[in-house]
Amino acid sequence: MALVVPSCAGGITSNQGGGGWEGEASSGQDAEDASSAADTHPADDGAPDVMPEGTETPEAGDDVASGGPDAMQDVASPVDASEGGGPVCSPGMCAFVDQGCSKQCDTVSSCWPHVDRSYNATTGEHFYTTNDTEASCCGFTVEDEPYYYLYSTQQTGLVPFYRCLLSTGFHFYTTSSTCEGASGATVEGAMGFIATSATCGAVPLYRLYDGTNGDHLYTTSSAEMTSAESGGYTFESIAGYVWTAPES
């Protein structure tokens with residue numbers, strides 16, 4: 001089933017102020033029908049966030065593997081003035097767990113880009129974006145806005161979370177900078193930074209796959225995960241750890 005790739009926002013472009021980012025533009029390729037469910041599914045070999053067959057569902061607090069190198073700029077954590085007399089930190093620096101040299105989680109709302117969740121009833125694809133306009137574009141209906149939060153800068157314990165466009169026109173989201181080696185896949189950009197463990201109140205983002213249409217479902221709800229499994233989805237992994245609200 002063909003899908004018109006969302007293009008209202010011109011690729012991945014944040015419409016959120018402060019600490020924002022801009023990813024690579026979408027390739028604009030036409031969506032092609034999948035020859036089989038297996039062709040739509042990213043290769044498991046070397047995939048950083050796909051669980052081996054037979055592995056039990058991880059519990060909250062389990063670490064996930066970090067993704068590959070990223071071209072986005074690193075933002076170094078400020079130096080704690082109480083340890084060696086370094087410079088005083090600025091509360092607006094998006095310093096994550098060292099805000100204001102207080103060793104507290106960041107409370108600057110602009111440092112937490114939100115992710116919307118949408119659904120296309122025609123194709124059966126779940127879609128995730130940081131752009132509110134794109135979330136309701138091209139046949140998608142917004143299910144949750146915002147659905148979860150990422151962080152805006154590279155910090156210890158955080159890795160880029162990429163949005164990939166598959167050759168089928170469906171999207172999936174991963175810490176792999178190569179889209180896990182999926183044939184014909186295009187990296188559209190990094191949506192933000194995802195935690196590799198439950199830090200600063202982060203919760204697991206469960207990743208599931210529907211082999212009948214190639215849809216990847218991401219949910220923060222263990223109950224929804226169980227329901228989706230009953231409906232034909234297969235649990236693949238914890239994609240990472242996200243926040244259901246900005247730290248405050």
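For clarity, every value in this text was computed on a predicted model and none was experimentally measured.

Draft legend 1. Just the packing of aromatic side chains, in detail. Evaluation of the coordinates by the stated rule reveals 12 aromatic pairs. On the basis of an interplanar angle of 85° and a centroid distance of 5.3 Å, the ring pair of Tyr173 and Tyr218 is categorised as edge-to-face. Of the two residues, Tyr173 is situated in strand 5 (residues 171–174) and Tyr218 in strand 8 (residues 215–219); the sequence distance between them amounts to 45 residues. A relative accessible area of 1% means that Tyr218 is categorised as buried. Cluster of aromatic residues (ring-pair linked, three or more members): Phe96, Trp112, Tyr151 and Trp243.

Draft legend 2. Focus on the pairing of strand 1 (residues 114–120). Burial analysis of strand 1 places six of its seven residues in the buried class, the great majority of the element. Both strand 1 and strand 3 (residues 141–149) contribute to a ladder of five bridges, which runs antiparallel. When the sheet's bridge partners are listed, Arg117 is paired in strand 3 with Asp144. Of the strand pairs in this sheet, strand 1 and strand 2 (residues 125–129) are connected by five bridges, and their pairing is antiparallel. Each residue of the ladder has a partner; that of Tyr119, found in strand 2, is His126. Taking the residues that link successive antiparallel strands as the turn, the strand 1-strand 2 hairpin has four residues, and the phi of Gly124 there is positive, at about 85°.

The rules behind these values
- Residues numbered from 1 in each chain as written.
- Predicted model: local features only at pLDDT ≥ 70, side-chain atom pairs only at ≥ 80, totals over all residues.
- Heavy atoms only, no water.
- Phe/Tyr/Trp six-rings, centres within 6.5 Å; stacked < 30°, edge-to-face > 60°.
- Helix = DSSP H or I, 4+ residues; strand = E, 2+ residues; numbered from the N terminus.
- Buried < 20%, exposed > 50% of the residue type's maximum accessible area, 1.4 Å probe, protein only.
- Pairing = 2+ DSSP bridges.

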